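Residue strings, one per chain:
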Amino acid sequence: MDPAVFAYDMERVFRRHWHCLAHESVIPNPGDFELFRLGDEQIILTRDMQGQIHALLNSCRHRGAEVCTKEKGNAKMFVCPYHAWTYTLDGALRAARLMPKDFDRAAHALKKVHVRLAEGLVFISFASEPLDFSQVEQSLRASCGQYGWGEARVAHRETYPIAANWKLAVENYVECYHCGPAHPEYSQTHALEQPPEVIADMNAAMEARSCALGLSVLSGNHWQNSAMGQEAIDVFRYALYEGASTGSEDGSPLAPLMGRFTDYDGGVTSIHLGGTTFLVCYPDHGMIYRFIPKSHDSCEMELIWLVHKDAVETVDYDPAKLTWLWKVTTEEDKKIIEHTARGVRSHYFEPGPIAPMEYNELRYISWYLDEVSRP
Ligand code: FES
Ligand code: FE
């Protein structure tokens, strides 16, 4: 609730860690661009004429105006609307009117942030020396790679504005203690409140089915603080209820199988990556959850649905069915996060104990506290 803490979060967590910005299929052609807003920053994601992706800061090197004023499109150049300095798709300053002869254009390119592509996902880091990304790349290859995310395309995107601090939204995402009471639809297919031995049996049966399909989706826990210079990633797998194939209203298939999957294994692969990126892989679609801090008391969640690149809308999948479960679930989450944001404003609020089922939340909180308290 304190703007000063938000500024500190931005410095210690947001500008230190990697964030998934998009799936690269949103800018498929040379000249394509899209604008992304994160906190006070705006990134123009571009694909240059050679096909390379760049993440440019949307702040003119003259007097700082927004250079790109369109949300999305295709362009050869960006012409600043103020005094018409003109930049190419890789940020180079091509022209600056009426400037002295000795003006150094090369020294006034748009600033860029670091970009990495992994399994079709575009990641950015604002850090001057970004955290090592190699462990993340390996983990994503062994998980999303099996689900063919590199050859996927975006089927749908939905942004949910949330009147709450970004950490309340992330905390809600990482725990499923609330899933039973708050998400009756999700709880039909995703096994949650079963005793550990039942869950262990279900997971073993799921791994046997994956194995029989010749698949091995690797789990791996590299959830760590940034002290060692590495980005954090945790990949874990769990089974759906017996008979459920995917994350749909009744568990039945939604879209053509992706990647190396030739049949459903009844499993889900879930990935927590850095401070703001969460991924869910089903055999026939993928989900990207982006948490976007806006201010001390507002944030956004963007949900991105991925399908096989050749899947044709309405022929191979019904978009309403594809998006149903996570739309319903996220509307419910938005409400409970906002109820919480109002509830914790009470002068008398004292945090209660974390339940055993909230172990991932506890892990996230400890990680966050470590990130903000370490020099
Ligand atoms: Fe962009 Fe002057 S602020 S050209
Ligand atoms: Fe939820």
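If you're wondering where the values come from, they're calculated on a predicted model, not measured in any experiment.

**A short note on the domain arrangement of the protein chain**
- Segmenting the protein chain into domains produces domain 1 (1–17 + 133–375) and domain 2 (20–130).
- Inter-centroid distance (C-alpha atoms) of domain 1 to domain 2 is 29 Å.
- Contributions of two or more residues to the side of domain 1 that touches domain 2 are made by α1 (3–14), α2 (134–142), β11 (152–162), β16 (286–295) and β17 (298–308).
- With 5 residues, the top contributor of residues to the side of domain 1 that touches domain 2 is β16.
- Of the residues that constitute the side of domain 1 that touches domain 2, the class distribution is 14 nonpolar, 3 polar and 7 charged.

**Overview of the nonpolar core**
- Formed by 71 residues in total, the largest nonpolar core has its most connected members in Leu21, Ile43, Leu45, Phe123, Ala169, Phe291 and Val307.
- For this core, the leading source of residues is β17, giving 6 residues.
- Mapped onto the domain boundaries, this core takes at least three residues apiece from domain 1 (1–17 + 133–375) and domain 2 (20–130).
- Residue contacts for Phe123: discarding those within four places in its chain leaves Trp18, His19, Cys20, Leu21, Arg116 and Ala118.

**Comments concerning the pairing of strand β2 (residues 32–38)**
- Judged from the 3 bridges that link them, β2 and strand β5 (residues 72–74) form a sheet pairing that is antiparallel. Looking at β5, one finds that Asp32 is bridged to Asn74.
- Linkage of β2 to strand β3 (residues 41–47), two consecutive antiparallel strands, is achieved through a turn of 2 residues, within which Gly39 is found at a positive phi near 55°.

**As for the confidence of the model for the protein chain**
- The predicted model of the protein chain has a mean per-residue pLDDT of 97, with 100% of residues at 70 or higher.
- If you check the scores for this complex, the pTM reads 0.97 and the ipTM reads 0.97.

**Some words on the sheet that holds strand β10 (residues 121–125)**
- In spatial order, the strands read β1-β10-β9; together these 3 strands make up an open sheet with antiparallel pairing. Two strands bound the open sheet, and with one partner strand each, they are β1 (19–23) and β9 (114–118). When strand polarity is set aside, the average angle formed by the axes of neighbouring strands in this sheet is 30°.
- Judged from the 5 bridges that link them, β9 and β10 form a sheet pairing that is antiparallel. Across the sheet, residue Arg116 finds its bridge partner in β10, namely Phe123.

Rules used throughout
- Residues numbered from 1 in each chain as written.
- Chains lettered and ligands numbered in written order.
- Predicted model: local features only at pLDDT ≥ 70, side-chain atom pairs only at ≥ 80, totals over all residues.
- Domains from an automatic or database assignment.
- Helix = DSSP H or I, 4+ residues; strand = E, 2+ residues; numbered from the N terminus.
- Nonpolar A, V, L, I, M, F, W, Y, C, P; charged D, E, K, R; others polar.
- Core = buried A, V, L, I, M, F, W, Y, C linked by C-beta atoms within 7 Å.
- Buried ≥ 20, exposed ≤ 12 C-beta atoms within 10 Å, placed from the backbone.
- Contact = placed C-beta atoms within 7 Å.
- Pairing = 2+ DSSP bridges.
- pLDDT = per-residue confidence, 0-100.
- Axes fitted to C-alpha atoms, helices over the stretch in contact; angles between N-to-C directions.

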